[in-house]
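Descriptive structure summary
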Amino acid sequence: MPGEPRESPVLDTVLALHRRANDAAGSALNVDAVRLLRTALRTLDAGGGAGPGWIAARVRLLISLALATAEIGSTTEGFRGLKAAQEQVRLLPVGREREELRAVVTGQRALLLFRVGQPAESLALFNKIIPVLARIGGGDGLLLTRTLLNRAQVHAELTDIDAAERDFVRAITLAAEHDLTRLAGKARHGLGDLAQLAGDIPGALRHYDEAVRILETVAPGWVARVRLDQARALLVAGLAEEAARHLDEALPDLRRNRVMQDVAEAEVSRAAAALLDGDFALARQLAIAARHRFLRRGNMRWAEVAALTRQRAEAMEVLAAPGRPPARLPAGLVRLADRLAGLGLRDEAAVARLLAVRLLLRRDDTEAAADQLARVPRPHRTTPVDHRMLLRLCRAELAVATGRTRAALGQARSGLTELGSARDRMGGLDLLCGTAVHGLELGALAVGLVLDSARGEAGARRLLAWQERTRAQAYRYEPLPAIDDPVLVKHLTEMRHVRRAVQQNRLAGKPITVLEQRYRWLQREASRLGWYTSRWGRPRPVSSPEEVAAQLGERVLVSLAGHGDTLAAVIVRDGRFRLLRLGSLAEAVESAQQLHADLDALAPDHLPAQLAAAVRGSARRRAGALDELLIQPLVELLGERELVIIPTGSLHALPWGALPSLRGRALSIAPSATAWAAAALSPRPEPVVLVGGPGVPGAVGEVRQLRAIYPAAKIVDGEAATSTAVLSALDGSAVAHLVAHGTHEPANALFSRLELVDGPLFAHEAARLSNPPERVVLASCELAQSHIRPGEEALGFAGALLASGSRTVVGAVARVGDTAAAEAMADLHQRLAAGTSPAAALAEATAVDPLRRPFLCLGAG
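The shown structure was predicted, so the numbers you read here are calculated from the model rather than taken from an experiment.

**Remarks on the overall build of the chain**
- Tallying secondary structure elements over the chain gives 36 helices and 18 strands in all.
- Over its C-alpha trace the chain gives a radius of gyration of 31 Å, about what one expects of a compact globule, namely 29 Å for 861 residues.
- Every one of the 861 residues in the chain was classed for burial, and the buried ones make up 57%.
- Pairs at least 24 apart in sequence give 72% of the contacts found in the chain among residues at least 6 apart.
- Roughly 34,000 Å² of accessible area belongs to the chain as shown, and the carbon and sulfur atoms make up 52% of that amount.
- Mean positive and mean negative side-chain charge positions of the chain (107 and 95 charges, respectively) differ by 4 Å.

In C-alpha cells, the structure reads:
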C-alpha cells in the first residue's frame, strides 16, 4: 500500500493487540483492555514509524485507551486522551480516513459526556457525526452500528422513547447484515431499557433475557450490566428480594472488571432494594459509597442521585418511628431538590421535595409542607409508579393534616386506580403481587381513616369497600393459557430431576452441595422466565359490599382489618353490616404463631402419652385465648351460621377450626371477599382424580380406599404418579385428591412443591393449567400455607391454585400425622360424595380432633 512503512510487521502486532483490547472492552473487561492498549502504544513507539498508517494506528489506540481509562478511573483522563487523539488526527492527510477518525473522536467524546451526566451535549455531537458515518460508509458496519447504539441510550436518558427505538431497531438491522452478534445483544438490552421506561416490565424482562442469551457467549462481561437493568425493572415491580439477588450476582463481576460507573449505579439500585426491605442502614452505606465513586468520576448528576438515596433512607427511617423529625432533614431535602432540578433531574427532584413534605407534616408545619408540595410538577408519561404513589400519599397526608378527610380518601382512591393500571401491565403472578408494595402506605392511610371514623352500618360497609380495594388484588386477574416456552419447560424438568437426585444422594450419604447449587440456579432462571412467559389476563371488577352480601345467602362474612395494633372485624349477615373492634393485633399474631408451633409438635402419630398431653394442653390454652380475642366478641352476630372469613396478615395461617367456638362449624377462608365471590359458583361433580405420591405410608391404600367412594374416579398412583401424568389428570377435573409429601417455600412460594415419582410438581406448573380442577384436596402437610406479601397477597401452592381458577382448596396449615390425615380425608370424602359442601364436610371431618387435623377450606366453601 502506498505510504505504508517498511516495518509493517510492527503495525500488524499493534493492530492485533488493538483487536484484543476492543474484544476485552466490549466484554466490559476494561482493566485488560487498558493493559493491552498501553502495550500496543509502547510497541508503536518502539517501531519508530511516522507515516499516515502509524498516525492512524496511534489515533485509534488513543481513542480506545481514553474510553477504557474513563470507565475504570477518571473521566478527566479520558477527555485528555481524546484531545491527544484529536491532535494526531490533524497530522493525517485530507481524505476519508481523516474524516472517519475525526468523527470517531467526536463520537467517543459524546459518549464520555453522556457517562458524566451531560446527555444534551452528548446528543448534539452524535447528531453531528452520524450523517458523516452513514455517508462515508464502512465495509463492516461496525462504527455506524456502535454509534447508533450510543445515541439511542442518550435518547432514552432524555425520555425520547420513539427516537431511541428507531436507533435500536436500525442498529439491530445493521448488526444482522454484518454479523455483529455482540452489538445485536447490546441493542436488545437497550430495547429492554426502553420497555422499562415505558412501564412495560414483562416486555423489558423478556428483552433482557434475550440479551443475556446473546451476550453470555460473545460478551460475558456485559451480562452483569444487563442484570443491573433487570434489577431496576424488578424494583419497579416491587420485587425487592429478587432485585437484590440480581444485584448481588452482578456487583462482584462489575467490581472485578472495574467498570466504576456501573458499580456505582448498581450500588444505588441495591440501596433502593434495601429501602423496600426496610434495611435503612445498608441503604445508607451503599448510597454513600456510590456517591464517592460518582464524585471521583466527575459525574455530578449521578452523585446527587446517590445523595438522594442516602437522604431517602434517613427520611424513611425517621418516618417509620414515632417522634418529631429534626428540622435539618426537610431543609436538606429541599436544598437537594433544588440541585437536582438544576441538573435536569425532574423526577428525582420531585421525590426529594415530596420526602421533605412528609417530614414537614410530621413536624406539624403544614404551611411549609403545602408550599413545597405546590412546587412538585405533575407526573409525565415516564414517571415511575412509585413516584406517583408518593405524590398521592403526600397529597393525602396534607389533606388529613388540614382536616380534609374526604380529599385524602379521594387521593387514595385515585392513587390505587393508577396503581391498578400499572398492575394491569404486569406479567406473571409474582409481578402482579409485587406491585402492591408501592401502594401499601396509601392503602393503609385510607383504611385507617375509615376505621377511625366508622360509625354504624354505613361505616362498616365503607370499611369493607376500602379493604377490597387494597388487598389480594392478584386474585382478581383471569389466568391465561400458559405459553409453552421451551426453555422454561426445560428448566422445570431439570429442576425435577435435580431435586430427585438430591433426595437420593442424601439417603445414600453422598455429597449434595453441587446439586443444590444447580437447583437454586435453575429456580432463579425459571422465575425470570415466568415473569413474562406466564402472563395473566384482565382483572375482574372489585365486588361491592352489596354484591358480596347478596351472594352470601345464609352465610355470615367476617372480614378482619388490622391497622397499627388495632384489630377490627366487619360482619355481614342478612344484608346488614356491623363493625366491631377487637383486641390487639400483635397479641393475636403472637398467639397464632405459638398455636402453630404446638400443632406441629403434636402432629406425629406416636408421641409419648405424657408429651402429647402436655403439648395438647398448651395448644388448647392458645386456641382458647385466640377464641376469646377473635370470636367471642362476635358470637351473637355469628349465631350458628356457616362462616366466610377474610383474615389479615399472618392470621391467614391460623387453624380456625381449632378455636373452641368454631369447632365443627362450616367455614371457608378467602384472601378477599371479591375472590370468594368469584369462586362461589356451582361446581361440576365429575370427573374425580385420585393421586397417590411416593414415600407416604399408606398413600396407595388411601387412594384405593377412596375409589370405593368414587367408583368412576381416575387413579394415578405408584410408579404412574409422575408430574406429567398428574398434571394431565388434574386438567379439567372436578375433584382432585392428592396425597403426597409437600413442601411450602416461603422464600419463593410459586416453587412450593408436591413430591411425585419423578420429582416435584411445582405450584408454578399447577397455576398454569388451562382448566384447573374445581375442588382440590391436598392431604400433604404445609401446602395450605402462604407467604403473605404486601397488600395481603397470599402466595403458596394452594394460593396459586385459587388464583388460577380452582374454586376450593382443602389443605393443612400445620404438620399432620399420616394416620390423622388419612382418617380425616376418608371422613371428608364420604361427606363430599354424599353432596355435603366442602366447608361443612371438612368441619365435620375435623371436629373429631381439630388439633391433630388442622385443615382449612380455602376459597368457596
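This is not the end of the story, as more comes after the structure.
**Structural notes on the sheet that holds strand 12 (residues 753–756)**
- What the 3 strands build is an open sheet, ordered 11-12-13; its pairing is antiparallel. The strands lining the two open edges of the sheet, one partner per strand, are strand 11 (742–743) and strand 13 (759–762).
- Here 2 bridges tie strand 11 to strand 12, and the two strands are oriented antiparallel to one another. Bridge pairing in strand 12 links Thr743 to Arg753.
- Where helix 24 (residues 486–508) meets the sheet, its contacts fall on strand 12 and strand 13, and the angle it forms with strand 13 comes to roughly 135°.

**A look at the pattern of salt bridges**
- Under the counting rule described, the total for this entry stands at 50 salt bridges.
- Here Glu100 and Arg96 are joined by a salt bridge, their closest N and O atoms 3.2 Å apart. You can see Glu100 and its partner Arg96 sitting in helix 5 (residues 96–115), 4 residues apart, about one turn around the helix.
- You can call Glu100 buried: its relative accessible area is 12%.
- With a closest N to O distance of 3.5 Å, Asp598 and Arg622 form a salt bridge.

**With respect to the packing of aromatic side chains**
- Applying the stated criterion to the full structure yields 2 aromatic pairs.
- Residues Phe294 and Trp302 carry aromatic rings whose centres are separated by 5.3 Å and whose planes lie at 25° to one another, so their mutual orientation is stacked.
- Looking at Trp302, the relative accessible area reads 24%, which means it is partly exposed.
- Ring plane angle 70° and centroid distance 5.6 Å describe the contact between Phe751 and Phe762, whose orientation is recorded as edge-to-face. One end of the pair, Phe751, is in the loop between strand 11 and strand 12; the other, Phe762, is in strand 13, with 11 residues separating them in the sequence.
- A relative accessible area of 1% means that Phe751 is categorised as buried.
- On the basis of relative accessible area, Phe762 is assigned to the buried category, the value being 0%.
- Sitting over the ring of Trp466, Arg469 keeps its end group 4.5 Å from the ring centre.
- The cationic tip of Arg499 hangs over the ring face of Tyr519; the distance from NZ or CZ to the ring centre is 5.1 Å.

**Topic: the pairing of strand 12**
- What you see with strand 12 is no split at all: Arg753 and Glu755 on one side and Leu754 and Leu756 on the other are buried throughout.
- As defined by bridge partners, strand 12 adjoins strand 13 across 4 bridges and the pair is classed as antiparallel. Following the sheet pairing, Leu754 is matched in strand 13 by Leu761.

**Thoughts on the packing of helix 5 against helix 7 (residues 142–157)**
- Between helix 5 and helix 7, the least distance of the axes is 11 Å, while the angle of their chain directions is 30°. Taken together, the axes of helix 5 and helix 7 lie roughly parallel to each other. Helix-helix and strand crossings are classified by hand; for helix 5 and helix 7 the assignment is left-handed. Within the contact between the two elements, helix 5 uses Glu100, Val104, Leu111 and Phe114 and helix 7 uses Leu143, Asn150, Gln153, Val154 and Glu157.

**A closer look at the environment of Ile571**
- When you line up the elements, Ile571 lands in strand 4 (residues 566–573).
- Relative accessible area serves as the criterion here: at 2%, Ile571 is assigned to the buried category.
- Sequence separation between Ile571 and Val558 is 13 residues; the distance between their C-alpha atoms is 4.8 Å.
- Sequence-distant contacts of Ile571, defined by excluding residues within four places in its chain, comprise Val556, Leu557, Arg576, Phe577, Arg578, Leu580, Leu634 and Leu637.

**With respect to the packing of helix 17 (residues 346–362) against helix 18 (residues 366–374)**
- Orientation of helix 17 relative to helix 18, taken along the N-to-C sense of each, is 165°, at an axis distance of 8 Å. If you check the angle between helix 17 and helix 18, you find them roughly antiparallel. Crossing angle aside, the handedness with which helix 17 passes helix 18 is left-handed. Where helix 17 abuts helix 18, its residues Arg353, Leu354, Val357, Leu360 and Leu361 lie against Thr366, Ala368, Ala369, Gln372 and Leu373.
- Here the residues of the contact of helix 17 with helix 18 sort into 7 nonpolar, 2 polar and 1 charged.

**Some thoughts on a negative patch on the surface**
- Among the surface-exposed residues, Asp364, Asp365, Glu367 and Asp371 lie close enough to one another that they form a single negatively charged patch.
- A relative accessible area of 68% places Glu367 in the exposed class.

**Remarks on unusual backbone geometry**
- We note that Thr159 has phi near 60°; this positive angle belongs to a residue other than glycine.
- Along the chain, Thr159 falls in the loop between helix 7 and helix 8 (161–178).
- Under the relative-accessibility criterion, Thr159 is labelled partly exposed at 35%.

**Considering the nonpolar core**
- Counting 124 residues, the largest nonpolar core has Leu205, Leu630, Trp656 and Leu738 as its most contacted members.
- Excluding its chain neighbours within four sequence positions, the residues that come into contact with Leu630 are Leu567, Leu582, Ala588, Leu654 and Trp656.
- One finds Leu393, Val450, Leu451 and Ala670 within the second-largest nonpolar core, a separate group that totals 39 residues.

**Thoughts on the confidence of the model for the chain**
- On average, residues of the chain score 87 in pLDDT, and 94% of them reach the 70 mark or higher.
- Within the chain, strand 15 (residues 787–789) has the poorest average pLDDT of any element, 59, and helix 18 the best, 97.
- Per-residue pLDDT stays below 50 along residues 1–7; that stretch engages in 6 contacts with residues further than four places along the chain or on separate chains.

**Concerning the pairing of strand 3 (residues 556–563)**
- The buried count for strand 3 comes to 6 of 8 residues, which makes it a mostly enclosed element.
- Here strand 3 runs beside strand 4; their pairing, made up of 8 bridges, is antiparallel. If you follow Leu557 over to strand 4, its bridge partner there is Val572.
- Remark: 2 residues form the turn of the hairpin made by strand 3 and strand 4, two consecutive strands paired antiparallel; Gly564 in that turn has positive phi of roughly 65°.

**Quick word on helix 35 (residues 818–833)**
- Between its terminal C-alpha atoms helix 35 stretches 22 Å, which fits the 22 Å expected from 16 residues at 1.5 Å a residue.
- Here helix 35 has its buried residues at Ala820, Ala821, Ala824, Met825, Ala826, Leu828, His829 and Leu832.
- Trailing helix 35 by a residue or two, Gly835 shows a phi angle of about 100°, which is positive.

**Here's the deal with helix 4 (residues 75–89)**
- When the terminal C-alpha atoms of helix 4 are compared, their 21 Å separation across 15 residues agrees well with the 21 Å that a helix rising 1.5 Å per residue should span.
- Considered for burial, the residues of helix 4 that qualify are Thr75, Gly78, Gly81, Leu82, Ala85, Gln86 and Val89. The buried residues of helix 4 occupy an angular sector of 145° when projected down its axis, which confines them to one face. Seen from the buried face of helix 4, the exposed residues on the opposite side, beyond 90 degrees, are Arg80 and Lys83.
- At its buried positions, helix 4 is contacted by helix 3 (52–72), helix 5 and helix 14 (280–297).

**Quick notes on the environment of Leu629**
- You can see Leu629 is positioned in helix 28 (residues 609–631).
- Separated by 332 residues in the primary sequence, Leu629 and Arg297 place their C-alpha atoms 60 Å from one another.
- For Leu629, the contacting residues outside a window of four places in its chain are Leu582, Gly583, Ser584, Glu587 and Ala588.

**Let's talk about the environment of Arg853**
- Relative to the helices and strands, Arg853 is located in the loop between helix 36 (838–846) and strand 18 (855–859).
- For the pair Arg853 and Asp365, spaced 488 residues apart in the sequence, the C-alpha separation amounts to 56 Å.
- Among the polar contacts made by the side chain of Arg853, one reaches the side chain of Asp827 at a distance of 3.2 Å.

Rules and cut-offs
The written sequence of each chain sets the order in which its residues are numbered from 1. Owing to the predicted nature of the model, reporting of local features is limited to residues with pLDDT of at least 70; listing and counting of side-chain atom pairs is limited to 80 or more, with chain, interface and lining totals taken over all residues. Side-chain numbers come from the whole structure's heavy atoms, not from hydrogens or water. Helix numbering and strand numbering both begin at the N terminus, where a helix is a DSSP run of H or I of at least 4 residues and a strand a DSSP run of E of at least 2. Each radius of gyration is computed over the set of C-alpha atoms, and the globule rule expresses the reference value as 2.2 Å times the number of residues to the power 0.38. Each residue gets one of three labels from its accessible area relative to the maximum for its type: buried under 20%, exposed over 50%, partly exposed in between, using a 1.4 Å probe on protein chains only. The contact criterion used throughout is that any non-hydrogen atoms of two residues lie within 4.5 Å. The Shrake-Rupley method, run with a 1.4 Å probe, gives the accessible areas here. Residue values count only the displayed protein chains as cover. For this count, His and the chain ends are skipped, Lys and Arg are scored as positive, and Asp and Glu as negative. The atom standing in for a charge is NZ when the residue is Lys, CZ when it is Arg, CG when it is Asp and CD when it is Glu. Paired strands, as defined in this entry, are two strands with at least two bridges between them according to DSSP. Note on geometry: axes are C-alpha line fits, over the in-contact stretch for helices, and angles between N-to-C directions span 0 to 180 degrees. The working definition used for a salt bridge is a side-chain nitrogen of Lys or Arg within 4 Å of a carboxyl oxygen of Asp or Glu. The aromatic pairing rule takes the rings of Phe, Tyr and Trp, using the six-membered ring of Trp, and pairs them if the centres are within 6.5 Å, calling planes under 30 degrees apart stacked, those over 60 edge-to-face and the rest tilted. By definition here, charges over rings are those cases where NZ of Lys or CZ of Arg is within 6 Å of the ring centre and within 35 degrees of the ring normal. Angle categories: roughly parallel below 35 degrees, roughly antiparallel above 145, roughly perpendicular from 65 to 115, and oblique for all the rest. Crossing handedness is read from the near helix: turned anticlockwise from the far helix by less than a right angle, it gives a left-handed crossing, and turned clockwise, a right-handed one. Ten residues, namely Ala, Val, Leu, Ile, Met, Phe, Trp, Tyr, Cys and Pro, are considered nonpolar, four, namely Asp, Glu, Lys and Arg, are considered charged, and the remaining ones, Gly among them, are considered polar. Each patch is assembled from residues with relative accessible area greater than 30% and no salt bridge, linking like charges that lie within 9 Å and nonpolar side chains (Val, Leu, Ile, Met, Phe, Trp, Tyr) that lie within 5 Å. By convention a nonpolar core is built from buried Ala, Val, Leu, Ile, Met, Phe, Trp, Tyr and Cys residues, the set being connected through side-chain atoms within 4.5 Å. Confidence of the prediction at every residue is given by pLDDT, a number between 0 and 100. Helix span, as expected, comes to 1.5 Å for every residue beyond the first. Think of it as the arc spanned by the lines of direction from the helix axis to the C-beta atoms. Whenever a nitrogen or oxygen atom comes within 3.5 Å of another N or O atom, the pair is scored as a polar contact, on the condition that within protein one atom can donate a hydrogen and the other can accept it, and that pairs from neighbouring residues in sequence are kept only if both atoms are in side chains.

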